[in-house]
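Close look at the chain arrangement
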Amino acid sequence: MSKLAFVQKNKIPPSPAPISEVGIIGWLKQNLFSSWFNTLLTLLSIYFIFIILKDFIPWAWGGHWDTKSLRECLDLNPDVACFSVLTARWKQLLFGLYPAEEYWRPTVTFILLIFSIIPILFPKYFRFFWFSIIYPGLAIWLLWGGSIWGVGIVYIGFSLGVLLFILLLRNITRNMVIAGISSILFVILFFIFFSNYLVNILDIIIPISLPPVESLKMGGFTLSLIVGITGIVASFPIGILLALGRQSNLPIIKMICVGFIEFIRGVPLITLLFVASVLLNYFLPPGTNFDIVLRVIIMVTLFSAAYMAEVIRGGLAGLPLGQHEASASLGLTYWQSQRLVIMPQALKISIPGIVNTFIGLFKDTTLVSIISLRDPVGLASTIRADQTWNGIYWELYVAIGLMFFVVCFGMSQYSQYLERKLKTDK
Amino acid sequence: MEKTKINITDEVAIHISEMNKWYGNFHVLRDINLEVMRGERIVVCGPSGSGKSTLIRCINRLEEHQKGRIIVDGTELTTDLKNIDKIRSEVGMVFQHFNLFPHLTTLENCTLAPIWVRETPAKEAQEIAMEMLEKVKIPEQANKYPGQLSGGQQQRVAIARSLCMKPRIMLFDEVTSALDPEMIKEVLDTMIQLAEDGMTMICVTHEMGFARQVADRVIFMDDGQIVEQNEPESFFNKPQSDRTKLFLSQILGH
Amino acid sequence: MKASAPPKTESFKLSMLLSDTRYRGTSLQVITFIIFVAVFFWLVDNTLKNLALLGKDVSFNFLFLRAGYDINQRLIPYTSDSTHGRAAFVGILNTLLVAFVGCFFATILGLFVGILRLSKNWLVAKLMSIYIEGFRNVPVLLWIVMIFALLTEFTPAPKAFKGADPQATMLLFDSIAVTNRGTYFPAPIFGEGSFWLLLSFILSILIVIFIKQYANKQKKETGKSLPTFWISILTIILPTLGLYFLIGKPISLEYPYLKGFNFKDGIHLRNSFLALTLALALYTSAFIAEIVRAGILAISKGQTEAAASLGLRPNKIMNLIILPQALRIIVPPLISNYLNLTKNSSLAIAVGYMDVRGTLGGITLNQTGRELESMLLLMGFYLCVSLLISSVINYYNRSFQIVVR
């Protein structure tokens with residue numbers, strides 16, 4: 001053995017780290033006081049926080065919750081917050097002008113919403129997917145009222161169309177396109193000619209209805225949620241089609257899709273909403289006039305579909321390259337490989353982007369206040385114009401801002417959690 | 001495979017005594033004592049998590065040690081920035097994932113440090129760079145970007161980049177682990193040439209053939225401590241400690 | 001080997017239109033095209049019918065008619081006798097003004113917050129994170145309305161500044177007044193000789209550019225760097241200041257002062273403009289901060305380690321290695337956010353600021369009843385802006401892409 005040789009006789013056990021490195025002191029040292037510059041920043045930050053909280057906490061903590069008007073608040077103590085406006089108007093902020101005795105309807109709608117999402121998000125419960133499909137109809141009926149058959153007829157019509165499609169495929173033709181076009185024609189004819197009669201007949205046989213509530217009465221957070229959620233859900237399939245079309249090799253389809261996407265993304269949402277409120281009636285046959293909320297939902301859906309298409313396009317780009325080739329070499333047709341191989345993966349990757357689009361859309365629902373729909377921001381102006389509360393602003397805006405913050409921040413944390421999970425999933 | 005010639009002098013290049021490092025509560029390096037002479041070539045091996053990469057990263061202050069002393073070329077490694085800068089310009093490091101600068105050409109990668117750290121004029125820096133690129137045998141790639149080169153070529157550029165600073169000590173951190181098998185040889189050949197020319201080097205690696213051919217000393221680490229060290233022949237043929245024997249059987253088994 | 005006979009050509013069958021790869025693409029496109037054109041003509045037909053029923057036609061003549069309304073904030077001369085076209089142009093300029101000022105401040109704020117968010121100091125990083133999340137998760141319209149309410153109801157009226165013991169005082173040595181009618185700043189007055197001053201200022205900037213080029217040349221040849229930062233600052237400041245006093249202070253400030261119940265003179269920025277710009281800048285800065293942070297974080301740690309192990313100092317590492325790579329990641333979404341800010345400026349109507357939507361898409365539209373034409377023009381304007389910005393992004397991406405095999 002040369003003089004270099006060394007063999008350890010006893011294994012060295014681990015010793016605890018020096019105090020200044022671990023625990024509270026170690027953390028403080030590294031994160032807050034690691035250098036003189038850092039220490040300076042820490043002191044400045046603490047001072048800054050102190051100044052803000054010094055005024056805010058007494059103002060908020062001692063606030064009035066029970067007074068009947070702003071005047072009363074100011075008379076009692078002008079230096080604290082007047083939260084009574086919230087106590088007095090919280091129902092309005094949540095439900096708009098919805099009739100008070102029917103409040104159970106929007107509430108039930110949103111509770112059921114959670115149940116309808118579960119089969120989609122958690123594959124374990126997929127057998128309840130039928131509920132997710134009937135939920136939209138149920139929600140519309142709950143919120144707007146009227147006869148249940150007004151909504152039911154839509155489901156009946158589409159079910160008949162699907163039945164016809166399957167029948168044609170099995171017995172008459174092998175070609176999906178012909179069967180598809182025939183079924184679509186049948187459904188269109190059904191709605192033009194038969195549906196009205198059928199609704200009236202069914203209504204007489206089995207009358208189930210709720211008191212109707214007109215759209216103009218809907219407002220507050222209910223309106224924001226309706227517009228936002230419908231917009232996102234409805235824009236999802238359209239967005240997928242647009243994304244596929246944009247990627248397509250066929251020039252005309254690609255041009256139409258690109259044109260649509262770039263047009264929508266190039267104009268502000270407010271112009272589209274204005275189209276909804278004023279111009280959409282021009283584009284449809286003379287005499288049609290439908291519900292403003294429905295028109296807004298249509299425009300919001302188209303708007304969201306364009307952004308959704310871009311997100312999905314990103315997801316498609318993130319796929320491992322060989323997927324198309326692999327599915328083609330297995331003999332799958334274009335639509336089969338999309339449905340079974342490409343889309344599931346692309347959508348999984350796009351989920352964070354989709355959640356972000358939803359957050360943006362939800363915030364954008366406040367724009368309907370500019371076309372005089374009563375979302376929370378619009379309601380704030382109405383409340384402030386009221387004599388009893390004239391002059392109040394902080395408390396109202398902070399409350400509304402907080403409500404949005406909770407929803408949006410919650411969703412963004414969820415999307416970040418999803419992103420992390422996706423990364424480690426691999 | 002003939003052994004490279006021995007170049008050991010009696011000048012101390014690196015002196016480490018009683019060095020300890022903790023990550024939070026985890027004692028990652030325990031009581032390290034090591035002396036490296038100028039011209040000596042050391043191979044450090046051991047299972048993953050044994051702290052071998054952390055050890056050499058402490059030498060050029062990419063990691064900080066909490067206890068003990070590290071003295072490189074007579075300068076002690078402390079929190080003093082001047083010392084750290086001085087040591088970094090004398091010690092070169094090559095990384096497992098190359099870490100070339102993708103927005104610069106090969107030549108620019110190599111001339112960057114001489115121009116901005118040693119204030120070398122551009123022309124002189126380019127001459128040095130071409131000299132080093134020829135040494136690693138890829139002078140024709142001078143104007144290509146890293147994204148256009150293969151893994152083996154990129155690693156050789158990384159070696160040339162470090163050499164442009166004329167370091168007296170080179171640290172290699174698992175430099176062939178991320179390469180495809182057919183490219184490992186070209187990188188190892190470059191390192192063997194460097195060893196022949198007398199460079200002091202510490203290599204963390206699993207390439208035992210390389211260790212046999214080049215190393216003056218093989219060090220085995222486990223659990224953050226030096227378990228055994230010896231000349232390559234004795235180390236591989238007559239390991240003393242049980243842990244060394246276990247490790248060697250796993251590595252050389254296949 | 002015997003040559004095989006050429007393949008038999010199949011006779012053409014109608015179903016091949018969809019099943020044969022030679023024709024399928026074309027067939028699908030023809031079908032789509034027909035459907036698209038049919039829908040388009042149906043929409044146009046409906047529109048014309050509806051317009052006829054209302055007694056309207058489609059014409060853009062209204063642009064040349066007298067507008068008949070005032071715009072209280074404008075960058076070019078305009079009176080109620082000007083045409084609707086000119087009103088629209090005033091609106092466009094107002095939109096662009098908000099867009100530029102907003103983008104400028106949003107970028108500076110965003111950079112500042114984004115870099116601080118990366119700080120090792122836990123407290124600072126958390127504070128910046130609260131700033132970012134707070135602004136990002138509340139609708140921009142709410143911010144606009146809130147800040148407007150703040151500026152109009154929380155600030156004193158001009159008459160509160162009156163008297164020997166006023167309730168409100170001006171800021172910054174009696175030069176800036178924040179009131180509920182807007183904020184009054186001192187206005188610069190360019191007296192005699194100010195032309196020479198400006199000329200010397202421009203000259204000094206040109207000299208600084210030359211100095212920088214000379215310093216670069218020196219660095220290439222000798223390797224030594226000159227302290228260009230300080231030299232540039234001195235070159236700009238000293239001659240300009242010297243000349244200023246020499247000519248006898250040709251540029252002076254006109255301070256706003258209280259006369260009667262209002263302030264006179266100075267630059268008057270109304271609360272609608274301030275609220276809109278401030279809200280947009282703060283809101284967009286939160287997004288920009290996240291983009292900056294993501295860009296810098298995207299550069300792998302290995303780059304910093306390699307540069308450090310070569311001996312480069314932190315500021316050089318940032319300038320030579322991190323920033324060039326991070327900018328390539330940051331710039332495209334940054335420009336995208338500029339587009340968003342410009343589009344969000346259309347919310348000006350909520351606070352009564354006359355941007356292009358307020359004039360062309362607002363009062364003009366209501367007065368002339370030309371909804372279709374005004375909306376087309378309005379959307380056309382925004383489309384042009386967004387196409388312009390998209391092409392800038394594409395140009396940037398193409399020119400600065402990192403070269404890969």
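Residues numbered from 1 in each chain as written. Chains lettered and ligands numbered in written order. Predicted model: local features only at pLDDT ≥ 70, side-chain atom pairs only at ≥ 80, totals over all residues. Heavy atoms only, no water.

**Brief notes about the overall build of chain C**
Put simply, the rule reads: Helix and strand assignments follow DSSP, with helices taken as H or I runs no shorter than four residues and strands as E runs no shorter than two, numbered in order from the N terminus. Two things to know: the radius of gyration comes from C-alpha atoms, and the globule rule equals 2.2 Å times the number of residues to the power 0.38. Partly exposed residues are those whose accessible area sits between 20% and 50% of the maximum for their type, while under 20% is buried and over 50% is exposed, using a 1.4 Å probe and protein chains only.
In terms of helices and strands, chain C carries twelve helices and seven strands. Here chain C has a C-alpha radius of gyration of 30 Å; the compact-globule value for 405 residues is 22 Å, and the former is much larger. Taken along its principal axes, the extent of the C-alpha atoms in chain C is 105 × 75 × 45 Å. Out of the 405 residues belonging to chain C, those deemed buried represent 43%.

**Digging into the overall build of chain B**
Here is the rule: Any two residues having at least one pair of non-hydrogen atoms within 4.5 Å are treated as being in contact. Each accessible area value is a Shrake-Rupley result obtained with a 1.4 Å probe; residue values ignore everything except the protein chains displayed when judging cover.
Helix and strand content of chain B: nine helices and ten strands. For 254 residues, the compact-globule estimate of 2.2 N^0.38 gives 18 Å, and the C-alpha radius of gyration of chain B, at 18 Å, lies within 12% of that figure. In chain B, which comprises 254 residues, the proportion classed as buried is 62%. Pairs at least 24 apart in sequence give 68% of the contacts found in chain B among residues at least 6 apart. Total accessible area on chain B stands at roughly 10000 Å², and carbon and sulfur atoms take up 48% of it.

**Thoughts on the interface of chain B and chain C**
Put simply, the rule reads: The term buried area denotes the loss of accessible surface (1.4 Å probe radius) that occurs when two parts are joined, taken as the sum for both partners. Salt bridge, as applied in this entry: a Lys or Arg side-chain nitrogen positioned within 4 Å of an Asp or Glu carboxyl oxygen.
Counting residues at the interface gives 31 residues for chain B and 29 residues for chain C. Around 2700 Å² of area is buried between chain B and chain C when both sides are counted, 60% of it from carbon and sulfur atoms. Three residues stand out in chain B for area buried against chain C, namely His103, Trp116 and Glu119 of chain B, and they jointly supply 24% of the buried area on that side. Inspection of the region where chain B meets chain C yields three salt bridges.

**Some points on the sheet that holds strand β4 (residues 67-72) of chain B**
Residues and elements named next belong to chain B. Note the cut-off: Strand pairing follows a simple DSSP-based rule, namely that at least 2 bridges must link the two strands. Angular values range over 0 to 180 degrees, each being the angle between N-to-C directions of two axes fitted as lines to C-alpha atoms, with helices fitted over their stretch in contact.
Taking strand neighbours across the sheet as the criterion, the four strands line up as β2-β1-β4-β5 in an open arrangement whose pairing is antiparallel. For this open sheet the edge positions go to β2 (26-37) and β5 (75-76), each flanked by a neighbour on one side alone. Summarising the sheet, strand β1 (residues 12-23) and β4 pair through five bridges and their orientation is antiparallel. For Asn20, the partnering residue across the bridge sits in β4 and is Lys67. Seen against the sheet, helix α1 (residues 52-59) touches β1, β2 and β4 and runs at an angle of roughly 120 degrees to β1.

**So, the nonpolar core**
Among soluble globular proteins, nonpolar side chains are generally buried collectively. The test is simple: Only buried Ala, Val, Leu, Ile, Met, Phe, Trp, Tyr and Cys residues count toward a nonpolar core, and they belong to the same one when joined by side-chain atoms within 4.5 Å.
Of all hydrophobic cores here, the largest spans 202 residues; its most connected members are Val296 and Leu316 of chain A together with Ile16 of chain B. With sequence-adjacent residues up to four places away left out, Ile16 of chain B is seen in contact with Ile32, Asn33, Leu34, Leu55, Ile59, Arg69 and Ile70 of chain B.

**Examining the pattern of salt bridges**
In total, this model carries 28 salt bridges over all chains according to the counting rule given. Between Glu305 of chain C and Arg57 of chain B there is a salt bridge, and its shortest N-O distance comes to 2.6 Å. Of this pair, Glu305 of chain C sits in helix α9 (residues 301-309) while Arg57 of chain B sits in helix α1, which puts the two residues in different chains. Arg57 of chain B shares its class with Glu305 of chain C; the two are buried. A salt bridge links Arg156 of chain B to Glu186 of chain B, with the shortest nitrogen-to-oxygen separation between them at 2.9 Å.

**Some thoughts on helix α4 (residues 122-136) of chain C**
Residue and element names in this part refer to chain C. Rules: Helices are assigned an expected span. That span is 1.5 Å times one less than the residue count. Polar contacts, as used here, are pairs of N or O atoms within 3.5 Å; protein pairs need one atom able to donate a hydrogen and one able to accept it. Residues neighboring in sequence count only if both atoms are side-chain atoms.
The end-to-end C-alpha distance of α4, which contains 15 residues, comes to 21 Å, matching closely the 21 Å that a straight helix rising 1.5 Å per residue would cover. Burial within α4 is extensive, with eleven of its 15 residues counted as buried. Those residues of α4 that sit buried are Leu123, Val124, Ala125, Met128, Ser129, Tyr131, Ile132, Glu133, Gly134, Phe135 and Arg136. The opening residue of α4, the one whose side-chain oxygen lies 3.0 Å from the backbone nitrogen of Leu123, is Asn121.

**Focus: the sheet that holds strand β7 (residues 169-173) of chain B**
Taken in spatial order, the seven strands of this open sheet run β1(A)-β10(B)-β9(B)-β3(B)-β8(B)-β7(B)-β6(B), and their pairing is mixed. Only two strands of the sheet have a single neighbouring strand rather than two, namely β1 (6-7) of chain A together with β6 (91-94) of chain B. Across four bridges, the pairing between β6 of chain B and β7 of chain B is parallel. Within β7 of chain B, the residue paired with Met93 of chain B across the bridge is Leu171 of chain B.

**Comments concerning a nonpolar patch on the surface**
Residues and elements named next belong to chain C. The condition that has to hold: The patch calculation keeps residues exceeding 30% relative accessible area without a salt bridge and links them within 9 Å when they carry like charges or within 5 Å when they are nonpolar (Val, Leu, Ile, Met, Phe, Trp, Tyr).
A surface patch of nonpolar side chains, about 1100 Å² in accessible area, is lined by Phe195, Trp196, Leu199, Phe201, Ile202, Leu203, Ile205, Leu206, Ile209, Leu246 and Ile247. Sorting the residues of the nonpolar patch by element identifies α6 (194-222) and α7 (228-247) as the ones contributing at least two each. When residues of the nonpolar patch are assigned to their parent elements, the largest contribution, nine residues, is made by α6. With respect to the helices and strands, the residue Ile202 is situated in helix α6.

**Describing the interface of chain A and chain C**
By a widely used convention, the size of an interface equals the accessible area lost when the partners come together. The test is simple: Amino acids outside the nonpolar list (Ala, Val, Leu, Ile, Met, Phe, Trp, Tyr, Cys, Pro) and the charged list (Asp, Glu, Lys, Arg) are all regarded as polar, and Gly is one of them.
Counting residues at the interface gives 56 residues for chain A and 55 residues for chain C. In total, about 5000 Å² of surface goes out of reach between chain A and chain C, with carbon and sulfur atoms giving 73% of it. Counting the surface chain A buries against chain C, the share from its top three residues, Tyr282, Lys363 and Tyr397 of chain A, is 14%. Linking chain A with chain C are zero salt bridges, by the criterion used here. Applying the counting rule to chain A against chain C returns seven residue pairs in polar contact (both at pLDDT 80 or more). Those elements giving two or more residues to the side of chain A that touches chain C turn out to be α1 (23-31), α2 (36-61), α10 (251-266), α11 (269-283), α14 (334-364), α15 (376-385) and α16 (394-425) of chain A. If one sorts the elements of the side of chain A that touches chain C by residue count, α11 of chain A sits on top with ten residues. Split into classes, the residues belonging to the side of chain A that touches chain C amount to 39 nonpolar, 13 polar and four charged.

**Let's talk about the pairing of β7 of chain B**
Residues and elements named next belong to chain B. Note the cut-off: When the strands point away from the viewer and the path from the first strand over the helix to the second turns clockwise, the crossover is right-handed.
Of all the five residues making up β7, five are buried; the element is thus mostly covered by neighbouring parts of the structure. The pairing of β7 with strand β8 (residues 200-204) spans five bridges and is parallel. Each bridged residue has a counterpart across the sheet, and for Phe172 the counterpart in β8 is Cys203. Handedness of the β7-helix α6 (residues 181-196)-β8 crossover: right-handed.

**Some words on the packing of helix α11 (residues 356-368) of chain C against helix α12 (residues 371-400) of chain C**
Residues and elements named next belong to chain C. Stated formally: By definition in this entry, angles of less than 35 degrees are roughly parallel, angles greater than 145 are roughly antiparallel, angles of 65 to 115 are roughly perpendicular, and the rest are oblique.
Close contact between α11 and α12 brings their axes to 9 Å; oriented N to C, the two are set at 175 degrees. Judged by the angle between their axes, α11 and α12 are roughly antiparallel. Judged by residue contacts, Val356, Arg357, Leu360, Gly361 and Leu365 of α11 engage Glu371, Ser374, Met375, Leu377, Leu378, Phe381 and Tyr382 from α12.

**Concerning the packing of aromatic side chains**
Each aromatic ring pair is described using two quantities: the centre-to-centre distance and the angle formed by the ring planes. The following threshold applies: Stacked, edge-to-face and tilted labels apply to pairs of Phe, Tyr and Trp rings (six-membered ring for Trp) whose centres lie within 6.5 Å, assigned for plane angles under 30 degrees, over 60, and everything in between, in that order. We count a charge as sitting over a ring when the NZ of a lysine or the CZ of an arginine lies within 6 Å of the ring centre and within 35 degrees of the ring normal.
Within this structure, the stated rule accounts for 24 aromatic pairs over all chains. Ring centres of Trp130 of chain A and Phe131 of chain A lie 6.0 Å apart, and the angle between their planes is 85 degrees; this geometry places the pair in the edge-to-face category. The interplanar angle of 65 degrees and the centroid separation of 6.2 Å between the aromatic rings of Phe40 of chain C and Phe41 of chain C together place this pair among those described as edge-to-face. Accessibility expressed as a relative area gives 47% for Phe40 of chain C, which makes it partly exposed. A connected cluster of aromatic rings, assembled from ring pairs, spans Phe221, Phe358, Phe362 and Phe404 of chain A. A cation sits over an aromatic face here: Lys219 of chain C above Trp116 of chain B, 4.9 Å from the ring centre. Taking NZ or CZ as reference, Arg357 of chain C lies 5.3 Å from the ring centre of Phe274 of chain A, over its face.

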